[in-house]
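Structural features, examined
For reference, the chains in residue letters:
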Amino acid sequence: GRAVLYLTPGRENSRCEIDNMRHLVYHLERAIACTRHKSGRQKVCIVIGYQGFRVENAPPMSVVKHTLQILQGHYPERMYRAYICDPPLVFRMFWNVIKHFIDPATLDKIAFCTGKEGKALLERDFDTNTTEKQAGGQKTLRNFCSREFLFDTPHHCTFDEEERR
């Protein structure tokens, strides 16, 4: 496989655009390193889960544009597929504006996962025994510890990876 980078806008707690971009790049690089280490591949999956999302969590348009610039300008062929899970109505309206700024090849890699069809797509593409619930998975995650992740987990391993322990 491929590493899965989970993004959870409902947990967004920062308004500093530069720090958000650093955070994104850091985690993209780790996901790429994990994928390369495990399979020799270069592409990652991105899952954006909207559980707990509120309009107050929505990033400003400048953050969205900056994110798109980074993904398309510096990681154009690193995304295997992106899954947008259960987006709220406000996001779907927002999507109708921003999709015009996204490269057509990238657009083809983006799947909206809602309802039974979305669940079926996630079950087809992922082992639901090892993925987070926001990606249709069954896995109960252990509590995240940033100190352990940042200082004790090798760059090419995921936080919850069994082999590194």
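Reading the values: the criteria
Residues numbered from 1 in each chain as written. Predicted model: local features only at pLDDT ≥ 70, side-chain atom pairs only at ≥ 80, totals over all residues. Heavy atoms only, no water. Core = buried A, V, L, I, M, F, W, Y, C linked by side-chain atoms within 4.5 Å. Buried < 20%, exposed > 50% of the residue type's maximum accessible area, 1.4 Å probe, protein only. Helix = DSSP H or I, 4+ residues; strand = E, 2+ residues; numbered from the N terminus. Contact = heavy atoms within 4.5 Å. Phe/Tyr/Trp six-rings, centres within 6.5 Å; stacked < 30°, edge-to-face > 60°. Lys NZ or Arg CZ within 6 Å of the ring centre and 35° of its normal. Salt bridge = Lys/Arg side-chain N within 4 Å of Asp/Glu carboxyl O.

L28, V44, I46, Y50, I84, W95 and I110 are the most contacted members of the largest nonpolar core, which totals 26 residues. Per-element accounting of this core gives the leading share, 6 residues, to helix α1 (residues 17-39). Setting aside residues no more than four positions away along its own chain, I110 makes contact with M79, A82, I84 and W95. C45, V47, L122 and A135 belong to the second largest nonpolar core, which has 10 residues in total.

Taken as a whole, this structure holds 7 aromatic pairs when the rule is applied. Relative to F149, the ring of Y26 has its centre 6.5 Å away and its plane inclined at 90°; by these criteria the two rings are edge-to-face. Within this pair, whereas Y26 is found in helix α1, its partner F149 is found in helix α6 (residues 146-152), the two being separated by 123 residues in sequence. The exposure class assigned to F149 is buried, which follows from its relative accessible area of 9%. Each ring, one from Y50 and one from F53, has its centre 5.2 Å from the other, and the planes form 80°; the classification is edge-to-face. In this structure F53 comes out as buried when scored by relative accessible area, which is 16%. Feature note: the residues Y50, F53, F91, W95 and F112 constitute an aromatic cluster, connected by ring pairs. Positioned above the aromatic ring of Y80, the side-chain terminus of R2 is 3.6 Å from the ring centre. The side chain of R30 reaches across the aromatic face of F149, ending 3.9 Å from its centre.

Let us look at the pattern of salt bridges. Across all of its chains, the model carries 6 salt bridges by this definition. A salt bridge links E123 to K119, with the shortest nitrogen-to-oxygen separation between them at 2.9 Å. Taken as a pair, E123 and K119 lie in helix α5 (residues 115-125) at a separation of 4 residues, close to a single helical turn. Taking relative accessible area as the criterion, E123 reaches 43% and is therefore assigned partly exposed. Each member of the salt-bridge network shares a partner with another, and the members are K43, E77 and K109.

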